[in-house]
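Chains, contacts and geometry: an overview
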Amino acid sequence: MNFSKWIGGALGWSFGGPIGAIIGVALGSIIDAMSNGNGDKFLGEGKRTRRTTYSRTQQPQTQSGDFEVSLLVLASIVIKADGKQDQRELDYVRQQFANMYGKERANHAFQLFKGISKQKVSKRQVCLQIKQMMDHPSRLQLIHFLFGIAKADGVVTQDEEREIQIMAGYLGINARDYESIKAMFYNNIDNAYTVLEIEKTASVDEIKSAYRKMAKKYHPDRVIHLGEEHQKGAEEKFRQVQEAYEHLQKELKFN
């Protein structure tokens, strides 16, 4: 498959603005380094993820390729947050992409990631572009993925958490949604309440209402436009909401 055709077919809004500039530099270095004629195969499967659905808002529909490169750029920021690139975090990124896109496409995506990670990235400019162009459920999915990267080495450092929190703010993620996703990666006795975005003093009716609201917010169908490859991450958030509710059911003994 022709390399330039994939770029035109797999990416929409992300091939412009600051993200487009970052991608361009990374792609340029990769193409320059490739002398065996495999450049045309780079992420060739991406075009297949393109869908002809439309957003309910005035935002352009985020394609799988747009979400993919947004993940790569933001992940490069998180991995460098503590001043080093931990191999476990790098392996996590590769494995997550392998799970979503298959081994071959994941390997190509990781080449792009390495090119991106060498650059100095303005997280404010990148996040503001994503906020303007990407729907809210997809932005929540980005934050969930970033915490997964940070936790890959066993602990989310303060530097990593601070970077994710800053990016969440730029992405237009409110504090309650941010804390809800964050709680999914920490062991705390109050996590069930935080995941459901309620106080410990909440009544049973308030807990039930919160569960219905959060189940709707994190339902995998909310990001179905990103393609099947991103459903696993969405299902994980949904499962953790269910587990939080079931924990409170057992603790407070209600049905």
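Residues numbered from 1 in each chain as written. Predicted model: local features only at pLDDT ≥ 70, side-chain atom pairs only at ≥ 80, totals over all residues. Heavy atoms only, no water.

The name that an unreviewed UniProt entry assigns to the protein chain is Molecular chaperone DjiA, with the source organism given as Seonamhaeicola sediminis.

1. Considerations on helix α11 (residues 204–217)
Structural remark: α-helix, 3.6 residues per turn; residues separated by three or four positions point the same way. Taking 1.5 Å as the rise per residue, α11 with 14 residues should run 20 Å; its terminal C-alpha atoms sit 20 Å apart, in good agreement. Residues of α11 that are buried include every one of Ile 207, Ala 210, Tyr 211, Met 214, Ala 215 and Lys 217, and no others. Angularly, the buried residues of α11 cover 155 degrees about the axis, an arc narrow enough to put them on a single face. Those residues of α11 that are exposed and aimed more than 90 degrees away from the buried face are Asp 205, Arg 212, Lys 213 and Lys 216. Lining the buried residues of α11 we find α7 (136–150), α9 (175–183), α10 (191–195) and α12 (231–252). (Helix = DSSP H or I, 4+ residues; strand = E, 2+ residues; numbered from the N terminus. Expected span 1.5 Å × (residues − 1). Buried < 20%, exposed > 50% of the residue type's maximum accessible area, 1.4 Å probe, protein only. Arc of directions from axis to C-beta. Contact = heavy atoms within 4.5 Å.)

2. A short note on the pattern of salt bridges
Opposite charge on two side chains makes pairing possible when the charged atoms of those side chains draw close. Overall, the coordinates contain eight salt bridges when judged by the stated rule. Note that Lys 182 is salt-bridged to Glu 161, the shortest N-O span being 2.4 Å. With Lys 182 in helix α9 and Glu 161 in helix α8 (residues 158–170), this residue pair connects regions lying 21 residues apart in the sequence. For the pair formed by Lys 182 and Glu 161, the shared burial category is buried. Asp 190 is the salt-bridge partner of Lys 200, the closest N and O atoms lying 3.4 Å from each other. Remark: Asp 190 occurs in the loop between α9 and α10 and Lys 200 occurs in the loop between α10 and α11; sequence separation between them is ten residues. Looking at Lys 200, the relative accessible area reads 52%, which means it is exposed. On the accessibility criterion, Asp 190 (24% relative accessible area) is partly exposed. (Salt bridge = Lys/Arg side-chain N within 4 Å of Asp/Glu carboxyl O.)

3. Details of the nonpolar core
In terms of nonpolar packing, the biggest core is built from 74 residues, with Leu 74, Phe 97, Ile 130, Ile 143, Leu 146 and Leu 196 touching the most fellow members. With ten residues, the top contributor of residues to this core is helix α3 (residues 64–79). Among residues more than four places away in sequence, those in contact with Leu 146 are Leu 74, Ala 75, Val 78, Ile 164 and Met 167. (Core = buried A, V, L, I, M, F, W, Y, C linked by side-chain atoms within 4.5 Å.)

4. Overview of the confidence of the model for the protein chain
With 85% of its residues at a pLDDT of at least 70, the protein chain reaches an overall mean of 82. The low-confidence segment residues 1–9 (pLDDT under 50) makes 24 contacts with residues lying over four places distant or belonging to another chain. Scored below 50 in pLDDT, residues 39–57 shows 46 contacts in the model against residues more than four places distant or in partner chains. (pLDDT = per-residue confidence, 0-100.)

5. Notes on the environment of Leu 142
In this fold, Leu 142 is placed in helix α7. It is 9.5 Å that separates the C-alpha atoms of Leu 142 and Gly 233, two residues lying 91 residues apart in sequence. Apart from the residues within four sequence positions on either side, Leu 142 is in contact with Phe 67, Ser 70, Leu 71, Leu 74, Ile 130 and Met 134.

6. A look at the packing of aromatic side chains
Using the criterion set out here, one finds six aromatic pairs in the structure. Each ring, one from Phe 110 and one from Phe 113, has its centre 5.6 Å from the other, and the planes form 25 degrees; the classification is stacked. In this pair, Phe 110 and Phe 113 are both assigned in helix α5 (residues 103–117), three residues apart and thus about one turn of the helix distant. On the basis of relative accessibility, which here comes to 1%, the residue Phe 113 falls in the buried class. Measuring from ring centre to ring centre gives 5.7 Å for Phe 147 and Phe 185, while their planes differ by 20 degrees; the resulting arrangement is stacked. Of the two residues, Phe 147 is situated in helix α7 and Phe 185 in the loop between α9 and α10; the sequence distance between them amounts to 38 residues. Residue Phe 147 shares its accessibility class with Phe 185, and that shared class is buried. (Phe/Tyr/Trp six-rings, centres within 6.5 Å; stacked < 30°, edge-to-face > 60°.)

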